[in-house]
Amino acid sequence: MKPLETGDPTSLGEGRYRLVGRLGQGGMGVVYLGRSRSGRAVAVKVVRPELSTEPGFKRRFADEVAAARRVGGFHTAPVVDADPDGEPAWLVTAFVPGPTLQAVLARVGSLPLDTLTVLAAGLAEALEAIHRAGVIHRDLKPANIIVAEDGPRVIDFGIARALDGTSLTQTGLQIGTPGFLAPEQLTGGGALTPAVDMFALGVVLTQAAGGAPFGDGPSAARHFKVVYEEPDLTAVPGELREAIGACLSKDPAARPTPAAFLGTLTVRHPDGGSWLPEAATQLLPAPEPAVLPTPPDSPSDTAHDVPEPAVLPTAQASPSDTAQELPVPDAAPLVVAEPRADQSRTVTGPSARLSPAPAEGPQAVSGKPRRRRAVVAAVLVTSLAAVGVFVWQPWKDSAKDNSKDRAATPTGSAPAPAAFPADPLLIRQDTAPGWPATCHSVIARRDAATEKPVVLITGGAGACDTLPQWSPDRRSFAFTRSTPEGTAVWTANADGSNPRRITSVAGGRVSWSPDGSRLAVLRKEDGVQQLFVVGVADGVARRLTSGRGQVEDPAWSPDGRSIAVCMQTPSDDWQIHVVDPAAPDRAPQQVTRLPHPALDPVWSPDGTTFAYTAGTYAKGTQGDIRLVNADGSDDRELVATDAQEMDPSWSVDGKWVAFVRGPYEKPVIWAVRTDRTGERALTTDTAAEGHPAWR
């Protein structure tokens, strides 16, 4: 959730709904997190003001809202209130806590058969209820499906038709999402029917099984396959293949209705267990904390004298992690318990969190009874802090906070040197000589407490696996795989299981968005290597650069607002630039204008500094590792020897940098503190190792 912006409404419906944050934004308007007068969390969609002036829009919007309010069933988020004639128009739907299916697939990859059957049945029941009310969803996709503890929920249905005939569609914008559109939506042949939703259902379920029914190439190529070629269902379990294949029929009349589709399913819901695999259940909201007995003479004995807070603070998450989130209004800017370094994330505005709690997804927080729970939580935290279990720390400064180091350092003495990180390091391990001309590499994990790395990914004969990168939650990682058929980015679970191809790339390093839903990758357009952003769940790519200079080494900033790249410039050789992923038409902004090439830029965890490779291989001192402020100032040396150094990677706490030293043919991984002390080799055997990734 993002904070409200200047100009955003703060309430709607004559004060019935208080708006507390932004959940997302689309072609029709902005979706806010709201609270009813009783404290109930709701999702509020506010229509763009300019649409109200479009001929017929308000009438169509009112018709669609009226139809959507008739939708019932267990697997939808129903419309509960609306004002189609308002200035602006708006509608309110029930709030469903939980991640989107898009976020789940980004974390866990393909779903097992049992989970697929429950997902398929739940979505079919949702579509049956939607169609029974005379509504066509027209934009069913993983981002519009909430994964709840008791099954899926379909959201954002029943209002897309209101955009028909507006300036958005008249300028060529197809209502719906590329990759999920039926052939008749792409060709414009005939009236649209509920069968378009069944086609989208087939695509969603194929993706949930780990496949891409019409490939993951450019949109035009996929659209051609949708209209003229048969889908690829090899990833779909045999038990579901025929039913899903029927949904993907070119002929709308040949697709099953939701009821007919349901009749083909054998739902395998575990008795008394979760319908989701373990990795997915970890993304669900945490259960509401129990109210513990309050010690005698505590402030809660007089709770009626204590001002009531608005709500218990909850963890902030990105809109792409979850379609709806609970708010964090009016909370003091404090966090209880220092989070694991691999779970830290920047929170703007007055927000706080009671830890430990999952870093992904919102906590479900009831509006009742808030006064006593807040007081009890304060007493509980104070008691735990007194015995050293919890540590209070300002969340907004957590990346720079060294309170634990200060607490451990006697007054007046120098700070103790930063301990060597305990976090595992992903590496490329060469199983035979020949790199880089001939690749025999696998992805491995080097643990701090063991001497030999653990091999995670072996692509087999002809496969070259390189450049691993941890996902933000460290439950998975991405890597680049080259085979005789081409180069692609893949993901796998943290233990190397469930490897999954995402999309084709030109090669090079990839970088995760902070919310884990997208990857910054490199692709070639007209012979020039450009920067693209690709959805992890659906493989849909969007180009961010279009100049004539080559682009290398993308690195997403910790706040998600910028992607750093190494860009070739005529006058300055290779220098660091930043690209705004929200404004791809804006020219990349050059950050460094150094007297030496700036390669392999990587952001420090607090986003203030780049570590990078300076120099040119086999020339002068070859490569050195240097640091430079994110605004291009204070370029300084970290590691400089006569050997080649390259490929820096920050530790999770930002106090160490791993790097590679040695010739391309025989690289060795080293590490050094950012104060230039403690340098040590991490590679312990004769196998060459490269491409370290701590975060």
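The structure contained in this document is the topic of the report that follows. None of the values given here were measured: they were computed from a predicted structure.

Details of helix 6 (residues 195-208)
Then comes step 1: For helix 6, which comprises 14 residues, the first-to-last C-alpha distance of 20 Å matches the rise-based estimate of 20 Å (1.5 Å per residue) to within 8%.
Then comes step 2: Along helix 6, 14 of the 14 residues are buried, which leaves the element largely enclosed by surrounding structure.
Then comes step 3: Gly210 lies just past helix 6 and shows a positive phi near 100°.

Topic: the side chain of Arg481
Then comes step 1: For Arg481, the position within the fold is in strand 16 (residues 476-483).
Then comes step 2: Among the residues examined, Arg481 registers a relative accessible area of 11% and is labelled buried.
Then comes step 3: In terms of polar contacts, Arg481 uses its side chain to reach the side chain of Asp465, at 2.7 Å.
Then comes step 4: Sequence-distant contacts of Arg481, defined by excluding residues within four places in its chain, comprise Ile457, Thr458, Gly459, Ala463, Cys464, Asp465, Gly486, Thr487, Ala488 and Trp490.

Remarks on the state of the cysteines
Note on terminology: disulfide describes a covalent bond linking the sulfur atoms of two cysteines.
Then comes step 1: Tallying each qualifying case throughout the model produces one disulfide.
Then comes step 2: Each sulfur in the disulfide pair Cys439 and Cys464 lies 2.0 Å from the other. The S-S bond linking Cys439 to Cys464 shows a torsion near 85°; that makes this disulfide right-handed. With Cys439 in the loop between strand 12 (425-430) and strand 13 (441-446) and Cys464 in strand 15 (residues 464-470), the pair connects residues that are 25 residues apart, well separated along the chain.

Some remarks on unusual backbone geometry
Then comes step 1: Backbone torsion omega between Glu87 and Pro88 reads 5°, so that peptide bond is classified as cis.
Then comes step 2: You can see Pro88 is positioned in the loop between strand 5 (79-83) and strand 6 (90-94).
Then comes step 3: The backbone of Asp647 sits at a positive phi, close to 55°, despite the residue not being glycine.
Then comes step 4: Inspection of the secondary structure puts Asp647 in strand 31 (residues 645-650).
Then comes step 5: Backbone geometry places Arg676, a non-glycine residue, at a positive phi of 75°.
Then comes step 6: Along the polypeptide, Arg676 turns up in the loop between strand 33 (668-673) and strand 34 (680-681).

A short note on the sheet that holds strand 26 (residues 589-590)
Then comes step 1: The strand order across the open sheet formed by four strands is 23-24-25-26, and the pairing between neighbours is antiparallel. Across the chains shown, the open sheet's two edge strands, defined by having one partner strand only, are strand 23 (551-556) and strand 26.
Then comes step 2: Summarising the sheet, strand 23 and strand 24 (residues 563-569) pair through four bridges and their orientation is antiparallel. Residue pairing across strands places Trp556 opposite Ile563, the latter belonging to strand 24.

A few points about the nonpolar core
Then comes step 1: Leu101, Leu111, Leu119, Leu123, Leu201, Leu205 and Phe261 are the most contacted members of the largest nonpolar core, which totals 53 residues.
Then comes step 2: Residue assignment for this core shows that the elements contributing at least two residues are helix 2 (101-108), helix 3 (113-132), strand 7 (145-148), helix 6 and helix 8 (238-247).
Then comes step 3: Looking at this core element by element, the count peaks at eleven residues for helix 3.
Then comes step 4: When sequence neighbours within four positions are dropped, the list of residues in contact with Phe261 reads Ala120, Ala124, Met198, Leu201, Leu205, Ala243, Ile244, Cys247 and Pro256.

Quick word on the packing of aromatic side chains
Then comes step 1: All told, the structure shown has nine aromatic pairs when counted by the stated rule.
Then comes step 2: Aromatic pair Phe420 and Trp656: ring centres 5.1 Å apart, planes at 80°, arrangement edge-to-face. Of this pair, Phe420 sits in the loop between helix 12 (403-408) and strand 12 while Trp656 is found in strand 32 (residues 656-661), placing the two residues 236 residues apart along the sequence.
Then comes step 3: Relative accessible area serves as the criterion here: at 26%, Phe420 is assigned to the partly exposed category.
Then comes step 4: The ring centre of Trp670 lies 4.5 Å from the NZ or CZ of Arg661, which sits over that ring.

Remarks on the pattern of salt bridges
Then comes step 1: Considering all chains together, one arrives at 19 salt bridges under this definition.
Then comes step 2: The shortest N-O distance in the salt bridge between Arg153 and Asp150 comes to 3.0 Å.
Then comes step 3: Residue classification places Arg153 among the buried positions, given a relative accessible area of 14%.
Then comes step 4: Across the pair Asp634 and Arg636 runs a salt bridge whose closest N-O atoms are separated by 3.3 Å.
Then comes step 5: Taking relative accessible area as the criterion, Arg636 reaches 25% and is therefore assigned partly exposed.

Comments concerning the sheet that holds strand 32
Then comes step 1: Strand order in the open sheet made by the four strands is 31-32-33-34, with antiparallel pairing throughout. The open sheet terminates on both sides in strands that have one partner only, identified here as strand 31 and strand 34.
Then comes step 2: Examined bridge by bridge, strand 31 and strand 32 share four bridges and lie antiparallel to one another. By the bridge assignment for strand 32, Met646 is matched with Val660.

Some thoughts on the environment of Pro605
Then comes step 1: Looking at the secondary structure, you find Pro605 in the loop between strand 27 (598-603) and strand 28 (609-615).
Then comes step 2: Each C-alpha atom of the pair Pro605 and Lys655 lies 9.5 Å from the other, and the pair is 50 residues apart in sequence.
Then comes step 3: Here Pro605 is in contact with Pro558, Trp650, Ser651, Val652, Asp653, Gly654 and Arg695, once residues within four sequence places are set aside.

Here we look at the side chain of His137
Then comes step 1: Considering the arrangement of structural elements, one finds His137 in the loop between helix 3 and strand 7.
Then comes step 2: The class of His137 is buried, set by a relative accessible area of 0%.
Then comes step 3: Within the structure, the side chain of His137 is placed 2.9 Å from the backbone oxygen of Ile155, a separation counted as a polar contact.

Reading guide: rules and limits
Residues numbered from 1 in each chain as written. Predicted model: local features only at pLDDT ≥ 70, side-chain atom pairs only at ≥ 80, totals over all residues. Heavy atoms only, no water. Helix = DSSP H or I, 4+ residues; strand = E, 2+ residues; numbered from the N terminus. Expected span 1.5 Å × (residues − 1). Buried < 20%, exposed > 50% of the residue type's maximum accessible area, 1.4 Å probe, protein only. Polar contact = N/O pair within 3.5 Å; in protein donor to acceptor, adjacent residues only side chain to side chain. Contact = heavy atoms within 4.5 Å. Disulfide = S-S within 2.5 Å. Pairing = 2+ DSSP bridges. Core = buried A, V, L, I, M, F, W, Y, C linked by side-chain atoms within 4.5 Å. Phe/Tyr/Trp six-rings, centres within 6.5 Å; stacked < 30°, edge-to-face > 60°. Lys NZ or Arg CZ within 6 Å of the ring centre and 35° of its normal. Salt bridge = Lys/Arg side-chain N within 4 Å of Asp/Glu carboxyl O.

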